[in-house]
Amino acid sequence: MSEPLVSVTVRQREPAQRLAEREAVAASMTVERLSAFYGKFQALADLTFPIHPAAVTAVIGPSGCGKSTFIRCLNRLHELTPGARVSGRVLLDGVDIYDPAIDPARVRQLIGMVFQKPNPFPHLSVYDNVLAGIRLHRSRIPKPQADEIVERSLRAAVLWDEVKDKLGAPGSSLSGGQQQRLCIARALAIEPEVLLMDEPTSALDPIATYHIEELIAELKQRYTIVIVTHNMQQAARVADYVAFFLGGEERTGRLIEFDTAEQIFTNPKRRETEEYITGKIG
Amino acid sequence: MAMDSAPEAAYTSTTAHLAAVAERQERIRRTLEGGLAQDRRRRVREGVITSSLFLAAAISVLTTAGIIYTLGIETFHFFQRVSIVDFLTDTQWTPLFTEKHFGIAPLAVATLLVSSIAMLVSLPLGLLAAIGLAEYLPLRLARVIKPILEILAGVPTVVYGYFALLFVTPLLQRFIPNLQVFNALSAGLVMGIMILPLVASLSQDAMLAVPQSLREAAYALGATKLEVVWRVILPASLSGIVASFILAVSRAVGETMIVVIAMGNTPRLSFNPLEQMQAMTAYIVQVSLGDTPHGTLEYQTIFAVGATLFLITMVLNLLSFRLLRRFREIYQ
């Protein structure tokens, strides 16, 4: 592969709102020469592209191209895997989150994450699941304030009306789609700047998927969202920007193209992108 | 008027934006850098926890190191006086007699013989019990039976010893008239019963760790229950089952009370399970009970035998832990 193609004209083709206005609402991230390794295996090579504020950036590509590894590099979850390491920089509003002086636990307070399979804590109630992140940092929260955080987070995740009468029930008693929205509420409760979603709907049925996608469209008004998805229709529905990865030689993931979603899906610059979105490869 | 206000509105919104961005960047910087005092407290706490965890692990490592050191030193002194060739090839073990022989063979053979009998009992029974508990018995019955089975593991071994000597041996003597009062057969049978729950429990855990989806995959291909167990569950949990067998062997090799009480204290090289003989552990007990002065050759024989026993069980344990780790890696 030659140099990855990051369109310089992205800024002139901004979707809907102007970038400057969105910058005021949410944080942006920049990925600079990011490479990720599992021991000797290089999973990602030399990624550079921006993650624009208050918008959805989708990462697409065939299985094994390093999408999940990439999103786990954005909140320093990757390094928890034994033998895993990262090189390059990831900037959050200009601050390098890989700065050795920074505690990774603090990075994850600012960058929330939702996983592929809904993973509410089975030993906690709906109410306590939402507060789980807050309780890590503050042992005592006055009851009215806790109630307010729970309601606000569940409303933000469009789950409040469904669970307001069973806040004491265990998180695992909800349906799959509700569990996933509970996980989103849990991530939102600590008021992150950025929300990462690793194939958040791959374990859900179409209706629950539809609810989550609607929620993503709602959340991007206030949060910067990065979503990994296997599903190109989903990327086309929810994303403002798309990064297309391809596992090249030796399955090392590389950025093939980054652009606005419209551009990627209607007029891709690279042959590989076009072949992937038209279903010829992957 | 309208012409004037437009650029002004644009201007104020820009400064508001800039202020919002600056405020957010300040918040991000503050969160990432953290309250220094709070972070220091957190680091101290993590440090205390890490070092106490390390200490807990270090205690067991140091104990092992201490045991190896003591065994090693005395064994070294022993082999300065007795040749290692004699130790391995002599067929007599008579360190307490005037005409001394130091062949480990009689003790080692006795230990291996009684352990083999124990394994012949506990492996098939334990495996069958595990299959029954994990796959065949209704859940409610299995919940009742397993604790009962585990009671066997809680019986003190001295009770098993007298059970072998006073119940099993007289019972067997009705059918085998030339069975001696002390013999390897009844000691081995009872030892087998003692380690049966260990095999059954660990093997059952290994089988329960096989994901339900694998069972369903086999059933969906038209397999019967027996075929599912035989062709899917057993192969998938094999390393766990083998690990439980090896742990059981090392338990049998190290078992002391049963062999002291029921197998006798006469070191004789014999492969006949109907006769009395002396296991390695039984010899150690015999000598430690007597008044053997520190530093004598008799005293050092304990350590030589102990080191042999230690080597055998250590190799078996390492083997089983390696297998167990492999079987854990398969399903997560």
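Residues numbered from 1 in each chain as written. Chains lettered and ligands numbered in written order. Predicted model: local features only at pLDDT ≥ 70, side-chain atom pairs only at ≥ 80, totals over all residues.

1. Things to note about the overall build of chain B
Each helix and strand counted, chain B has 13 helices and zero strands in total. Traced from its N-terminal end to its C-terminal end, chain B shows the element sequence α-α-α-α-α-α-α-α-α-α-α-α-α. Buried residues in chain B amount to 32% of all 332 residues. In chain B, 72% of the contacts between residues at least 6 apart in sequence involve partners at least 24 apart. (Helix = DSSP H or I, 4+ residues; strand = E, 2+ residues; numbered from the N terminus. Buried ≥ 20, exposed ≤ 12 C-beta atoms within 10 Å, placed from the backbone. Contact = placed C-beta atoms within 7 Å.)

2. Some words on the overall build of chain A
Broken down by element type, chain A carries eleven helices and eleven strands. Residues counted as buried form 46% of the 282 residues belonging to chain A. Considering only intrachain contacts with a sequence separation of at least 6, the fraction spanning at least 24 residues in chain A is 70%.

3. Examining the pairing of strand E11 (residues 253-260) of chain A
Remember that side chains alternate between the two faces of the sheet whenever the strand is regular. Residue and element names in this part refer to chain A. With eight of eight residues buried, E11 is to be regarded as a mostly interior element. Of the pairings in the sheet, the one linking strand E10 (residues 241-247) to E11 comprises seven bridges and is antiparallel in character. By the bridge assignment, Gly247 is partnered in E11 with Gly253. Adjacent in sequence and paired antiparallel, E10 and E11 are bridged by five residues, among which Glu250 carries a positive phi angle near 60°. (Pairing = 2+ DSSP bridges.)

4. Re the confidence of the model for chain B
Residue and element names in this part refer to chain B. Looking at chain B as a whole, the pLDDT averages 86, with 93% of positions reaching at least 70. Contacts of residues 1-10 to residues separated by more than four positions or lying in other chains number zero contacts, the stretch itself having pLDDT below 50. The complex prediction reports pTM at 0.70, with the ipTM value standing at 0.75. (pLDDT = per-residue confidence, 0-100.)

5. What about the interface of chain A and chain B?
Tallying the contact residues gives 16 residues for chain A and eleven residues for chain B. Grouping the amino acids of the side of chain A that touches chain B by side-chain chemistry returns eight nonpolar, two polar and six charged. (Nonpolar A, V, L, I, M, F, W, Y, C, P; charged D, E, K, R; others polar.)

6. Remarks on the packing of helix H5 (residues 139-154) of chain B against helix H7 (residues 184-208) of chain B
All names here are of chain B. At their nearest, the axes of H5 and H7 sit 8 Å apart, and the two run at 130° to each other. The orientation of H5 with respect to H7, classified from their angle, is oblique. The two elements H5 and H7 cross, and the hand of that crossing is left-handed. Of the residues in H7, those in contact with Leu149, Glu150, Leu152 and Ala153 of H5 are Ile193, Met194, Leu196, Pro197, Leu198, Ala200 and Ser201. The residue makeup of the contact of H5 with H7, split by class, is nine nonpolar, one polar and one charged. (Axes fitted to C-alpha atoms, helices over the stretch in contact; angles between N-to-C directions. Parallel < 35°, antiparallel > 145°, perpendicular 65-115°, else oblique. Left-handed = near helix turned anticlockwise from the far one by under 90°.)

7. Observations concerning the environment of Leu226 of chain B
Residues and elements named next belong to chain B. Along the chain, the position of Leu226 falls in helix H9 (residues 225-236). Among the residues examined, Leu226 registers 11 C-beta atoms within 10 Å and is labelled exposed. Taking the C-alpha atoms as reference, Leu226 lies 9.5 Å from Glu135; in sequence the two are 91 residues apart.

8. Describing the pairing of E10 of chain A
Residue and element names in this part refer to chain A. Summarising burial for E10: seven of the seven residues are buried, a large majority. Going residue by residue along E10, you find Tyr241, Ala243, Phe245 and Gly247 tucked away on one face and Val242, Phe244 and Leu246 tucked away on the opposite face as well. Pairing between strand E4 (residues 56-60) and E10: four bridges, direction parallel. Counted as the bridge partner of Val59 is Ala243 from E10.

9. Topic: the packing of helix H4 (residues 126-137) of chain A against helix H5 (residues 143-156) of chain A
Residue and element names in this part refer to chain A. Closest axis-to-axis distance for the H4/H5 pair is 10 Å, and the angle between their directions is 105°. Relative to H5, the element H4 is oriented roughly perpendicular. The residues of H5 that touch H4, namely those facing Tyr127, Val130, Leu131 and Ile134, are Ala146, Ile149, Val150, Ser153 and Leu154. When its residues are assigned to classes, the contact of H4 with H5 shows eight nonpolar, one polar and no charged.

10. A word on H7 of chain B
Given a rise of 1.5 Å per residue, 25 residues ought to cover 36 Å, and the 35 Å separating the end C-alpha atoms of H7 of chain B matches this to within 8%. Within H7 of chain B, 21 of the 25 residues are buried, which leaves it mostly tucked inside the rest of the structure. (Expected span 1.5 Å × (residues − 1).)

11. Details of the confidence of the model for chain A
Of all residues in chain A, 93% attain a pLDDT of 70 or more, and the chain-wide mean is 88. Averaged pLDDT values over the elements of chain A bottom out at 54 in strand E1 (residues 5-6) of chain A and peak at 96 in strand E9 (residues 224-228) of chain A.

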